[in-house]
Amino acid sequence: MSDPELLQTLLQRIAVLEAREQSLTAASNAYQAIITTILGNLDKSMRDNVISMLDQAHEIAYARAAHRGNEVQKNQIKQADDIAQRMFMVAKGKAVQPR
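Report follows, based on the coordinates. (Residues numbered from 1 in each chain as written. Predicted model: local features only at pLDDT ≥ 70, side-chain atom pairs only at ≥ 80, totals over all residues. Heavy atoms only, no water.)

Helix and strand content of the protein chain: three helices and zero strands. Starting at the N terminus and walking to the C terminus, you meet the elements of the protein chain as α-α-α. The C-alpha atoms of the protein chain give 19 Å as radius of gyration, which overshoots the globular expectation for 99 residues (13 Å, by more than 25%). Counting only C-alpha atoms and orienting by the principal axes, one finds that the protein chain spans roughly 65 × 35 × 20 Å. When each of the 99 residues of the protein chain is scored for burial, the buried share is 11%. Taking all contacts inside the protein chain whose residues are at least 6 apart in sequence as the whole, residues at least 24 apart take part in 48%. Here the protein chain displays about 7800 Å² of accessible surface, and carbon together with sulfur accounts for 57% of that area. (Helix = DSSP H or I, 4+ residues; strand = E, 2+ residues; numbered from the N terminus. Rg over C-alpha atoms; globule rule 2.2 N^0.38 Å. Buried < 20%, exposed > 50% of the residue type's maximum accessible area, 1.4 Å probe, protein only. Contact = heavy atoms within 4.5 Å. Areas by Shrake-Rupley, 256 points an atom, 1.4 Å probe, with all protein chains shown as cover.)

So, on to the environment of L6. Looking at the element boundaries, L6 is found in helix α1 (residues 3-41). Overall, the relative accessible area of 44% leaves L6 in the partly exposed class. Remark: the alpha-carbon pair of L6 and A57, spanning 51 residues in sequence, is separated by 46 Å.

A rise of 1.5 Å per residue sets the reference length of helix α2 (residues 44-68), with its 25 residues, at 36 Å; its end C-alpha atoms lie 36 Å apart and thus fit the reference within 8%. Listing the buried residues of α2 in full gives R47, I51 and A65. Contact partners of the buried residues in α2: α1 and α3 (71-91). Backbone geometry just downstream of α2 places G69 in the positive-phi region, at approximately 75°. (Expected span 1.5 Å × (residues − 1).)

Listed below in structure tokens is the structure:
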């Protein structure tokens, strides 16, 4: 392949990756909105129980990843927990601090 052909192939791959990233972001935002709405519509007691169970699940998963020394999994769990905590705040009707 010549340089222009390689460049064109690379640009096509970049375009595909960017489209995939946009699709995943849109799906993530949709799931966050759905979960936040569901939690927000539960009575306070039920919502607090669900949030407590999810917090416990994150803590268990994080502890297991830490015990195994799996830094990648620990970081993924921490990122997921950060997102979940923002959703919980919205569901509880509390303002979320901008990132």
